[in-house]
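# Notes for the structure review
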Amino acid sequence: SSGINAEWPLRPGDERGVEPNHAPVQTLQGHGKRVGGILWHPSAENVLGSFSYDSTVRLWNAEKGQDFVTCQGFTNQITDMSFNYDGSQIVTTCKDKKIRIFDSHTGESALEAPGHDNMKVSRCVFLKDGKIFTAGFKTMSQRCCRLYDPRNMLKMLTELDLDSSTGSLFPYYDPDLNLIYLAGKGDSNIRFFEISSEGDQVHFLNQYSSGEAQRGLGQMPKRGLDSSINEIARFYKLNVAKKLVSVVPLKVPRQSKAFADDLYPNTVGLNAAMTADEFAEGKNSEPLLAPFLELQQATSTSKGFTATEKGDNSEEVAALRKEVADLKKTVTERDATISSLKADISQLQGKVETLESENGRLTAAAAETNGEDEIAELQKNGVDQAE
């Protein structure tokens, strides 16, 4: 894989034709301290998971603005959470060096086992086959990644040493290709790993490197990738020093321009497999998949939701939209006035040039007439003297 950088500056204004929206659709209140992270459920509509410094993990019906599941039992700061493929379980990492698995319907603990040996931040991903990938630190602060089988957490399947850098690691998982992308805070590279088909080994493939350190990363959903250039992942890298977001597309170099079926199998589509209420009642379902090309050609987007239990701001939004429309109308009218004035000025300039030309012609004619009169006068004086 290879990476190409494209970057643009962060700017607060709207310079790309998109109106910024600063009004929240919903506000979720319930955690007692700062929220450490959030994550959408993989298959249930509008179900959001969150973990907080209050040592709880909560699941929310985002449409209703209510939490309906709470996971507890942590003895230190929670550092990460991940749903399994059908969303029936949640795995967490914590600074108490424990990996925990919870039932996502009840919040009850299903498993607790030792994790990384260091209290520094570790993170986790529930893989498609049910295994757990973690990235963190060893006792001597060396960074590493591990693979566990929940059926026997006391013995890791594999461990891969990385380096001695100090930044915490962020794993990004592609369940379609069974790839892990690993990026460190403050690093300038993104490593790619493949989970073996047997699911018990982690193989390093390659890495993207740049000269700029990353503060954080965002990943484009699979359906947003460009298959015409064999793009298998795209990251948005936050460069705080330069106030830039760098676009990092990761591509598989191939000669053929044909659609690569092996790189783009069916992937998560736009429709949820179940409602939030169905999930709350105990239903489980894997994500609904769709052909990649159909998703690329689709013109519709996720419908989102409208808050149902809390006061909305529809009147405020309508007022703001009317104000924007009025301002746009005023600008259009002023533009028309300016264009009209420019046309009048152009006409006046033309008249001035015509008058100046006529004045020059008349001046020349007058000068010529005066010269002829003087000659006639001299000639007359000469005749008189001769007489």
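Being a predicted model, the structure only gives us computed values, none of them experimental. (Residues numbered from 1 in each chain as written. Predicted model: local features only at pLDDT ≥ 70, side-chain atom pairs only at ≥ 80, totals over all residues. Heavy atoms only, no water.)

### Quick look at the overall build of the protein chain
The test is simple: Helix and strand definitions follow DSSP, with helices as H or I runs of at least four residues and strands as E runs of at least two, each counted in order from the N terminus. When accessible area is computed with a 1.4 Å probe and restricted to protein chains, residues below 20% of their type maximum are described as buried, those above 50% as exposed, and intermediate ones as partly exposed. The contact rule is simple, with two residues in contact once any of their heavy atoms fall within 4.5 Å. Only the protein chains shown count as cover for residues, and all accessible areas are computed by the Shrake-Rupley method using a 1.4 Å probe.
Helix and strand content of the protein chain: three helices and 23 strands. Looking at the protein chain as a whole, 36% of its 387 residues are labelled buried. Contacts in the protein chain between residues at least 24 apart in sequence constitute 48% of all its contacts with a sequence separation of at least 6. Total accessible area on the protein chain stands at roughly 22,500 Å², and carbon and sulfur atoms take up 50% of it.

### Regarding the confidence of the model for the protein chain
What counts is decided by this rule: Confidence scores per residue from the predictor, reported as pLDDT, run from 0 to 100.
Per-chain confidence: the protein chain averages 87 in pLDDT, with 86% of residues scoring 70 or above. Note on residues 1–11: pLDDT under 50 across the span, and 39 contacts to partners over four residues away in sequence or across chains.

### Some points on the side chain of Ser168
Put simply, the rule is: Pairing of N or O atoms within 3.5 Å defines a polar contact, subject to two protein rules: one partner must be a possible hydrogen donor and the other a possible acceptor, and residues neighboring in sequence count only if both atoms are side-chain atoms.
Among the secondary structure elements, Ser168 is positioned in the loop between strand S14 (158–163) and strand S15 (169–174). The class for Ser168 is buried, based on a relative accessible area of 13%. A polar atom in the side chain of Ser168 sits 3.1 Å from the side chain of Arg123. When residues no more than four places from it in sequence are discounted, the contact partners of Ser168 are Val121, Arg123, Phe137, Ala183, Gly184 and Lys185.

### Comments concerning unusual backbone geometry
Look at Asn46: it is not a glycine, yet its phi comes out positive at around 60 degrees. Note on placement: Asn46 falls in the loop between strand S3 (35–40) and strand S4 (47–52). Judged by relative accessible area, Asn46 falls into the buried class, the value being 13%. A positive phi angle, close to 60 degrees, is found at Asn230, a residue other than glycine.

### With respect to the sheet that holds S15
Applicable threshold: Between any two strands, at least two bridges found by DSSP are needed for them to pair. Where helices are involved, their axes are fitted lines through C-alpha atoms of the stretch in contact, as for all axes, and angles between N-to-C directions lie from 0 to 180°.
Judged by pairing direction, the sheet is antiparallel, and its four strands sit side by side in the order S15-S16-S17-S18 without closing on themselves. Of all strands in the sheet, those with a lone pairing partner are S15 and strand S18 (202–209), marking the two edges. Between one strand axis and the next, the sheet turns by 25 degrees as a mean value, whatever way the strands run. One ladder, built from six bridges, connects S15 with strand S16 (residues 179–184); its direction is antiparallel. Within S16, the position partnered with Phe170 by the bridge is Ala183.

### Observations regarding the environment of Leu179
Structurally, Leu179 can be placed in strand S16. For the pair formed by Leu179 and His203, sequence separation is 24 residues and the distance between their alpha carbons is 9.5 Å. For Leu179, the residues in contact, after removing those within four places along its chain, are Tyr172, Tyr173, Asp174, Phe193, Glu194, Leu205 and Ile232.

### Side note on the sheet that holds strand S6 (residues 66–71)
Overall, antiparallel pairing links the four strands, which are arranged S3-S4-S5-S6 in an open sheet. Each edge of the open sheet is held by one strand with a lone partner, namely S3 and S6. Going across the sheet, the axis of each strand differs from the next one's by a mean of 25 degrees, ignoring polarity. Examined bridge by bridge, strand S5 (residues 57–61) and S6 share five bridges and lie antiparallel to one another. Bridging across to S6, Arg58 finds its partner in Thr70.

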